Amino acid sequence: MKKWKLSIIMLITLSMVLAACGQSKDKEESNGDSKDEKTSLYDKVKEDGELLVGTEGTYPPFTFHDEAGKLTGFDVEIAREVAKRLGVEAKFQETQWDAMFEGLNSKRFDMIANQVGIREDREKKYDFSKPYIESSAVVVVSKDNKDVTSFEDIKGLTSAQSLTSNYRDIAEKNGAKIQGVEGLAQSIQLLEQGRVDVTVNDKISILDYLKKQPNANIKIAAEAEDAGQSGLMFRKGNDKLVEEVNKALEEMMEDGTYKEISDKWFGEDVSPK
């Protein structure tokens, strides 16, 4: 009798353990983005009537504040137009570049609009829209610097870079020592103060800066032959949202809206060729 009762207890205990394991497995699997969850982000955006967009707000001419304090810039206008074509409003949440990826990971944003370069390592972790801009990397030095005329010349020099940007990677691959900064403005400030030797950055950004600050003590010393492309960035698997954003970008390029925005900020069409 005792053996029979013991067997019953063991069977009940085993059943409870197996059930708990099954629940644990279900929980682990649900932590990932299922297809339904990814599709539902688009539904949520539509239901809430807003697209949450992560951006720096300190990176002219792409995302910055004008003299009146209003958030503006090329990427900001692109994101606003995309949201408008989705039938919702773009709501921007500003953060430093190095915190932006974590903000997307933690679902503070639905999308990032901040000149994020499309790279193979990033594509393993995130989804991108179709490219919406193309530009090349340049080496920037002080005006009196005659020693740096190529990317190879920055080997052993100190370069001011945002730590998670693709321009940091370019500087590092060419042998530069990295001085971490929060953005372009600080890079140029350190360069003009003589606290760093160079900075590697986006050509369009530098040309815009020089247009606004013609007396700045900097110059472009070298330009990369290959151009990089940037895209709007999303958490992995939000396929429906990415699809609809791509449709909006395609429509903007077809009907001339993209060119109008591009001409306003750069004086030319900077769409990928």
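Residues numbered from 1 in each chain as written. Predicted model: local features only at pLDDT ≥ 70, side-chain atom pairs only at ≥ 80, totals over all residues. Heavy atoms only, no water.

**Brief notes about the overall build of the chain**
And step 1. Of the regular secondary structure elements, the chain holds 10 helices and 11 strands.
And step 2. By residue count, 45% of the 273 residues in the chain fall in the buried class.
And step 3. Counting contacts in the chain only where the partners sit at least 6 residues apart, residues at least 24 apart contribute 69% of the total.
And step 4. Taken as a whole, the chain presents about 14800 Å² of accessible surface, with 49% of it coming from carbon and sulfur. (Helix = DSSP H or I, 4+ residues; strand = E, 2+ residues; numbered from the N terminus. Buried < 20%, exposed > 50% of the residue type's maximum accessible area, 1.4 Å probe, protein only. Contact = heavy atoms within 4.5 Å. Areas by Shrake-Rupley, 256 points an atom, 1.4 Å probe, with all protein chains shown as cover.)

**Digging into the side chain of Asp127**
And step 1. In this fold, Asp127 is placed in strand β6 (residues 126-128).
And step 2. For Asp127, a relative accessible area of 14% puts it in the buried group.
And step 3. Among the polar contacts listed, one links the side chain of Asp127 to the backbone nitrogen of Gly237, at a separation of 2.7 Å. (Polar contact = N/O pair within 3.5 Å; in protein donor to acceptor, adjacent residues only side chain to side chain.)

**A few points about the packing of helix α3 (residues 74-86) against helix α10 (residues 257-266)**
And step 1. The N-to-C vectors of α3 and α10 enclose an angle of 160 degrees; their axes lie 10 Å apart at closest approach. What the angle tells us is that α3 and α10 run roughly antiparallel. Judged by the twist between their axes, the crossing of α3 over α10 is right-handed. Together, Phe74, Glu77, Ile78, Glu81 and Arg85 of α3 and Thr257, Tyr258, Ile261, Ser262, Lys264, Trp265 and Phe266 of α10 make up the contact between the two elements.
And step 2. Across the contact of α3 with α10, the residue classes tally to six nonpolar, two polar and four charged. (Axes fitted to C-alpha atoms, helices over the stretch in contact; angles between N-to-C directions. Parallel < 35°, antiparallel > 145°, perpendicular 65-115°, else oblique. Left-handed = near helix turned anticlockwise from the far one by under 90°. Nonpolar A, V, L, I, M, F, W, Y, C, P; charged D, E, K, R; others polar.)

**Things to note about the pairing of strand β5 (residues 111-117)**
And step 1. With seven of its seven residues buried, β5 lies for the most part within the structure.
And step 2. Relative to strand β11 (residues 218-235), β5 runs antiparallel, the two sharing three bridges. Along β11, the bridge assignment pairs Val116 with Gly231. (Pairing = 2+ DSSP bridges.)

**Here's the deal with the pattern of salt bridges**
And step 1. Inspection of the entire model under this criterion finds 16 salt bridges.
And step 2. One connected set of salt bridges, linked through shared partners, spans Glu81, Arg85, Glu251 and Asp255. (Salt bridge = Lys/Arg side-chain N within 4 Å of Asp/Glu carboxyl O.)

**Focus: α10**
And step 1. All buried positions along α10 are accounted for by Thr257, Tyr258, Ile261, Ser262, Trp265 and Phe266. Axial view of α10: buried residues confined to an arc of 135 degrees, hence all on one face. Residues of α10 that are exposed and point over 90 degrees away from its buried face: Glu260 and Lys264.
And step 2. On its buried face, α10 sits against β2 (64-65), β3 (71-72), α3, β7 (133-142), α8 (203-212) and α9 (239-255).
And step 3. Phi turns positive one or two residues past the end of α10, at Gly267, with a value near 75 degrees. (Arc of directions from axis to C-beta.)

**Focus on the environment of Lys236**
And step 1. Along the chain, Lys236 turns up in the loop between β11 and α9.
And step 2. You can call Lys236 partly exposed: its relative accessible area is 34%.
And step 3. Here the side chain of Lys236 touches Glu123 through a polar contact of 3.0 Å, landing on its backbone oxygen.
And step 4. Looking at Lys236, its side chain comes within polar contact range of the side chain of Asp127, at 3.2 Å.

**Notes on the packing of α3 against α9**
And step 1. It is at 9 Å that the axes of α3 and α9 come closest, and there the two elements cross at 110 degrees. As summarised for this structure, α3 and α9 are arranged roughly perpendicular, according to the angle between their axes. Here Ile78, Glu81, Val82, Arg85 and Leu86 of α3 come into contact with α9, specifically with Leu241, Glu244, Val245, Ala248, Leu249, Glu251, Met252 and Asp255.
And step 2. Split by residue class, the contact of α3 with α9 holds eight nonpolar, no polar and five charged.

**A closer look at the environment of Tyr126**
And step 1. Along the polypeptide, Tyr126 turns up in strand β6.
And step 2. Other than its neighbours up to four places away in sequence, Tyr126 contacts Phe101, Leu104, Asn105, Met233, Phe234, Arg235 and Lys236.
And step 3. At a separation of 3.0 Å, a polar atom in the side chain of Tyr126 contacts the side chain of Asn105.

**A few points about the packing of aromatic side chains**
And step 1. If you walk through the whole model with that rule in mind, you get eight aromatic pairs.
And step 2. The interplanar angle of 65 degrees and the centroid separation of 5.8 Å between the aromatic rings of Phe101 and Tyr126 together place this pair among those described as edge-to-face. Taken together, the positions of Phe101 in helix α4 (residues 97-105) and Tyr126 in strand β6 put the pair 25 residues apart, joining distant regions of the chain.
And step 3. Judged by relative accessible area, Phe101 falls into the buried class, the value being 12%. (Phe/Tyr/Trp six-rings, centres within 6.5 Å; stacked < 30°, edge-to-face > 60°.)

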